[in-house]
Amino acid sequence: MSEFVTTQQIGDAADFVRAHTSHRPEVGLILGSGLGPLADAIDSPDVIATADIPHWPASTVQGHTGRLVIGPLAGHAALVLQGRTHFYEGYGMDHVTLPVRVMIELGIRTLIVTNASGGLNPNYRPGDLMLIRDHINFPGMAGNNPLRGPNEERYGPRFPDMTQPYDPALRALAHRVAAEAGFALREGVYAYVAGPSFETPAELRFLQMVGADAVGMSTAPEVVVARHAGLRVLGISTVANLAQTDPTPDAVVTHQEVLETGALAVPRLIQVVCGVLERLSEAG
């Protein structure tokens, strides 16, 4: 595997997807751990196994199926990725974010990213949905930025602005959709860490001190690449568990717990995502 993904590899993957669907997606969705059922909302989709797509990184994590589900969703042609890949699986950031580059090649201009996260804000509860207002990209700040390497000017500038990584108008619309459905959304800062080990109590206290409301092992690299190319981004975290900053001797955090709590939040997540897409014009 080469150090950097090439434009030829991105083009090969995009051409494969085009050849296996009659839809021309304008909206992309990336689903986090346990959130794959959201793709079931697509009517009569074209389904592509990501293992068949040239150069596509394979997901090795439970809860990440490894499929593209493409079809109509709430009035828009949508491409849903069931099964993202992560830096901790051994891929470079270029390969982790190749799916976003392929979405850009396919003409997608709006990206909705979801994830399962650990709640750091003491006011949060398992099952809460948090709109991501901003993120702290710890691996990126330490040198593992997905834009490292040659810059392709047709995607975006060498030094892209990240003042508003998550679109304010889309967040405002999501709040309205949830309120009209009878529930409230949290809104906060997402801390991206490399994983795969869950954080120690001291690390969790540090993340709280620097202003993070939730923590997870994905999302920020995809958002950086999307914003580099000028896509509008809406990010939604499912709070799957709460930070154990002062754990009891028998306290244990497991991936199974993350999957189970994520599944409980899926109905409300579908309401928010579909509601936003149905009223996308309200966000400008």
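Once a new chain begins, its residue numbering starts again from 1 and follows that chain's sequence as written. In keeping with the predicted nature of the model, local features appear solely for residues at pLDDT of at least 70, side-chain atom pairs appear and are counted solely at 80 or more, and the whole-chain, interface and lining totals rest on all residues. Side-chain numbers come from the whole structure's heavy atoms, not from hydrogens or water.

**Observations regarding the overall build of the protein chain**
Helical segments are the DSSP runs of H or I of at least four residues, strand segments are the runs of E of at least two, and each set is numbered from the N terminus. Scanning the protein chain from N- to C-terminus turns up eight helices and nine strands. The globule rule used here is 2.2 Å times the number of residues to the 0.38 power, and the radius of gyration it is set against is calculated over C-alpha atoms. For the protein chain, whose C-alpha radius of gyration is 18 Å, the value lies close to the compact-globule estimate of 19 Å for 284 residues. Along the three orthogonal principal directions, the C-alpha set of the protein chain runs to about 55 × 45 × 35 Å. A simple rule labels every residue: compare its accessible area, found with a 1.4 Å probe on the protein chains alone, to the largest value its type can have, and call it buried under 20%, exposed over 50%, or partly exposed in between. Buried residues in the protein chain amount to 54% of all 284 residues. Only heavy atoms enter the contact rule, under which two residues are in contact if any of them lie within 4.5 Å. In the protein chain, the share of contacts with a sequence separation of at least 24, taken over all contacts with a separation of at least 6, comes to 83%.

**Side note on empty space enclosed by the protein**
Any empty space left between atoms is shown by rolling a water-sized probe over those atoms. Only protein atoms enter the 1 Å grid used here. Points where a 1.4 Å probe fits but cannot escape make up a cavity, open sets with protein on both sides within 12 Å along at least five of seven lines make up a pocket, and a residue lines them when an atom lies within 4 Å of a point. Grid points are joined across faces, edges and corners, and a volume is the space filled by probe spheres set on the points. Taken as a whole and judged by the stated rule, the model has one cavity of 30 Å³ or more. Forming the walls of the largest cavity are Thr85, His86, Phe87, Val96, Tyr192, Met217, Ser218, Thr219, Pro221 and Glu222. Think of it as three bins: nonpolar holds Ala, Val, Leu, Ile, Met, Phe, Trp, Tyr, Cys and Pro, charged holds Asp, Glu, Lys and Arg, and polar takes everything else, Gly as well. Across the lining of the largest cavity, the residue classes tally to five nonpolar, four polar and one charged.

**Concerning helix 1 (residues 7-19)**
To estimate the expected span of a helix, count its residues, drop one, and scale the result by 1.5 Å. Between its first and last C-alpha atoms helix 1 spans 18 Å; for 13 residues at 1.5 Å apiece the expected length is 18 Å, and the two agree. Turning to helix 1, its buried residues number three or more, namely Gln9, Ile10, Gly11, Ala13, Ala14 and Val17. Where the residues of helix 1 are buried, they touch strand 2 (46-49), strand 3 (67-73), strand 4 (76-82) and helix 3 (98-105).

**Things to note about the packing of helix 3 against helix 7 (residues 220-228)**
The interhelical angle for the contact between helix 3 and helix 7, taken along N-to-C directions, is 30°, at an axis separation of 9 Å. Compared by their axis directions, helix 3 and helix 7 come out roughly parallel. Judged by the sense of rotation from one axis to the other, the crossing of helix 3 with helix 7 is right-handed. In contact with Val100, Arg101 and Ile104 of helix 3, helix 7 contributes Glu222, Val225, Ala226 and His228. Tallied by class, residues from the contact of helix 3 with helix 7 come to four nonpolar, one polar and two charged. Axes, fitted as lines to C-alpha atoms, cover a helix only where it is in contact. Angles between the N-to-C directions of the axes lie from 0 to 180 degrees. Just so you know how the angles are binned, under 35 degrees is roughly parallel, over 145 roughly antiparallel, 65 to 115 roughly perpendicular, and the rest oblique. What makes a crossing left-handed is the near helix being turned counterclockwise from the far one by less than a right angle; a clockwise turn instead makes it right-handed.

**Considerations on the nonpolar core**
One broad rule of soluble globular proteins: the nonpolar side chains tend to lie buried together. Among buried residues, the Ala, Val, Leu, Ile, Met, Phe, Trp, Tyr and Cys ones that are joined through side-chain atoms within 4.5 Å form a nonpolar core. Residues Val17, Leu68, Leu79, Val102 and Leu111 are the most contacted members of the largest nonpolar core, which totals 41 residues. With residues up to four places along the chain from it excluded, the contact list for valine 17 reads Ile48, Ile53, Leu68, Ile70, Leu79 and Leu106. Within the second largest apolar cluster, 33 residues are counted, among which are Leu31, Leu35, Ile42 and Val266.

**Some details on a nonpolar patch on the surface**
Exposure above 30% relative accessible area and the lack of any salt bridge qualify a residue for a patch; like charges then connect within 9 Å, and the nonpolar side chains Val, Leu, Ile, Met, Phe, Trp and Tyr within 5 Å. The accessible surface values rely on the Shrake-Rupley method and a 1.4 Å probe; as for residues, cover is taken only from the protein chains in view. A pairing counts as a salt bridge when a side-chain nitrogen of Lys or Arg comes within 4 Å of a carboxyl oxygen of Asp or Glu. On the surface, a nonpolar cluster with roughly 330 Å² of combined accessible area is contributed by Phe206, Met209 and Val210. Position of phenylalanine 206 relative to the elements: it lies in helix 6 (residues 201-209).

**Quick look at the pattern of salt bridges**
Counted by the stated rule, this structure contains 10 salt bridges. A salt bridge links arginine 186 to aspartate 128; the nearest nitrogen and oxygen atoms lie 3.0 Å apart. Pair noted here: arginine 186 is in strand 7 (residues 186-192) and aspartate 128 is in the loop between strand 5 (110-119) and strand 6 (129-137), with a separation of 58 residues, a long-range link. Here the residues in one salt-bridge network are Arg176, Glu180, Arg279 and Glu282, joined through shared partners.

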